[in-house]
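As a plain string of letters, each chain reads:
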Amino acid sequence: MSKISDRLNRLSYSQTFVMSNKAREMKAAGIDVISLTLGEPDFDVPQKIKQAAFDAINENYSHYSPVPGFLELRQAISEKLKRDNNLDYKPTQICVSNGAKQSIINVLSAIINDGDEVILPAPYWVSYDEMVKLVGGTSVFIQTSIDTEFKITAEQLEKAITPKTKALLYSSPCNPSGSYYTGEELEAIANVIAKYPDITIISDEIYEFINYEGKHVSIASFPQVYEQTAVINGMSKAFAMTGWRIGYSACPEWLAKACDKVQGQMTSGANTVAQRASITALQMDPSELQYMFTEFHKRRDIVFDLMKDIKGFKCNLPKSAFYFFPDISYFIGKNLNGTEIKDSDDFAMYLLENANVACVGGVSFGSPECIRFSYAASEDDLREAMKRMKDCVEKF
């Protein structure tokens, strides 16, 4: 009998961290690897946010906070949601967690019974399916492709709904595809979900500010699904605060109370110093962060111009976040220098071992024909990585 639970044995390790750790090992061995694996801004935290953390330490914010977070932080989140998203949430509807990942698992833990179905548009963030497994649910996948910018339609959603459907979980802007849903597309999805009042929408909006060609719209802004929606966001991406581990959910009252209950038995309140600093961050005008988004936009255009010239790569222009998700179906089934390429994970490993470029295969994102590259890296590294890949694959 295994000492590890069956539930844990059903989980996979995050392929993102598998590849980033492999790249680190190669670097430690003296190999010149360029890692484009992690979705982490390569900017420093703005100085005023760091100063707020120093102030919090000096003011002795070293004790437990309320489970759902300091009232002042929840008020700041409430004001941010109104300012940026035209959403009305009271502080009692907000739960601050140890990163947006915990915010999602809180919601899933609160609503999913064994065997309940959660709809995941593919590609999806690697942890979504594993989280559903962890709470005893079953994932139902809706397949998309690069030709539709990796987005589902309302018609596809309707067909995927069954009597067991309990939630729809997606990100917009999307990790890994870099696509985002327009207001019109979200309204059509909202109209479908509104017909099924027992379904909860879990809308991961953590990349909302990294959006180059349109305005971010939250599906919670459509009144027909406001009471069915959990908005997920956090400090990691827009504020470059990945290691500070502050995320939050904004939900109907009944679900916010349930998330508070779950978190109270799991971790209690999030880091108090990071919470205090997050108040300052959320009160900043988004224009103060524009320098980061402008740089990401510039890098996107550079990578697109270089990547579209790599033979065998089918690439679209992502309109948000900081990822490319090219289709590399051309290489699947081929033998490259003695390596059989069965799927995109094999191809990603081939690039790591032969081009010294680390990316993430698309199998764990639900798209085994694609690979994900983060362009949250320096321009020099991005140019060199594209050159290495081009030289590597064009030999064959």
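How each quantity is defined
Residues numbered from 1 in each chain as written. Predicted model: local features only at pLDDT ≥ 70, side-chain atom pairs only at ≥ 80, totals over all residues. Heavy atoms only, no water. Phe/Tyr/Trp six-rings, centres within 6.5 Å; stacked < 30°, edge-to-face > 60°. Lys NZ or Arg CZ within 6 Å of the ring centre and 35° of its normal. Buried < 20%, exposed > 50% of the residue type's maximum accessible area, 1.4 Å probe, protein only. Helix = DSSP H or I, 4+ residues; strand = E, 2+ residues; numbered from the N terminus. Pairing = 2+ DSSP bridges. Domains from an automatic or database assignment. Contact = heavy atoms within 4.5 Å. Buried area = accessible area lost by both parts, 1.4 Å probe. Salt bridge = Lys/Arg side-chain N within 4 Å of Asp/Glu carboxyl O. Axes fitted to C-alpha atoms, helices over the stretch in contact; angles between N-to-C directions. Parallel < 35°, antiparallel > 145°, perpendicular 65-115°, else oblique. Left-handed = near helix turned anticlockwise from the far one by under 90°. Nonpolar A, V, L, I, M, F, W, Y, C, P; charged D, E, K, R; others polar.

Q: Outline the packing of aromatic side chains, listing residues and values.
A: For any pair of aromatic rings, geometry is given as the distance between the ring centres together with the angle between the planes. By the definition in use, this model includes 21 aromatic pairs. Here a set of aromatic residues connected by ring pairs shows up, and it is made of F43, Y207, Y291, F296, F322 and Y323. Between K151 and the ring centre of Y181, over which it is positioned, the NZ or CZ distance is 6.0 Å. Here the basic side chain of R276 rests over the ring of F70, its NZ or CZ set 5.0 Å away from the ring centre.

Q: Give me the lowdown on the pairing of strand β3 (residues 117–122), citing residues and values where you can.
A: With six of six residues buried, β3 lies mostly within the body of the structure. Both faces of β3 are covered, namely the face carrying E117, I119 and P121 and the face carrying V118, L120 and A122. Looking at chain direction, β3 and strand β4 (residues 138–143) are connected through six bridges and run parallel. Residue pairing across strands places A122 opposite Q143, the latter belonging to β4. The sheet contact formed by β3 and strand β5 (residues 165–171) spans three bridges and is parallel. By the bridge assignment for β5, E117 is matched with T165.

Q: Explain the domain arrangement of the protein chain to me, and be specific about the residues and the numbers.
A: Domain annotation of the protein chain identifies domain 1 (6–44 + 289–394) and domain 2 (48–285). The C-alpha centroid of domain 2 is placed 26 Å from the C-alpha centroid of domain 1. At the interface, 37 residues of domain 1 touch 38 residues of domain 2. Between domain 1 and domain 2, a total of about 3300 Å² is buried, with carbon and sulfur atoms accounting for 57% of that surface. Counting across the domain 1 and domain 2 interface gives four salt bridges.

Q: Any details on the packing of helix α4 (residues 71–85) against helix α10 (residues 272–283)? Residues and values, ideally.
A: The description of two packed helices rests on the angle between their axes and on the distance between the axes. Two numbers describe how α4 lies on α10: the axes approach to 9 Å, and their chain directions differ by 25°. Judged on the interaxial angle alone, α10 and α4 are roughly parallel. The way α4 lies across α10 gives a crossing that is left-handed. Residue-level contacts link E72, L73, A76, I77, K80 and R83 of α4 to Q275, R276, S278, I279, L282 and Q283 of α10. Class assignment for the residues of the contact of α4 with α10 results in five nonpolar, three polar and four charged.

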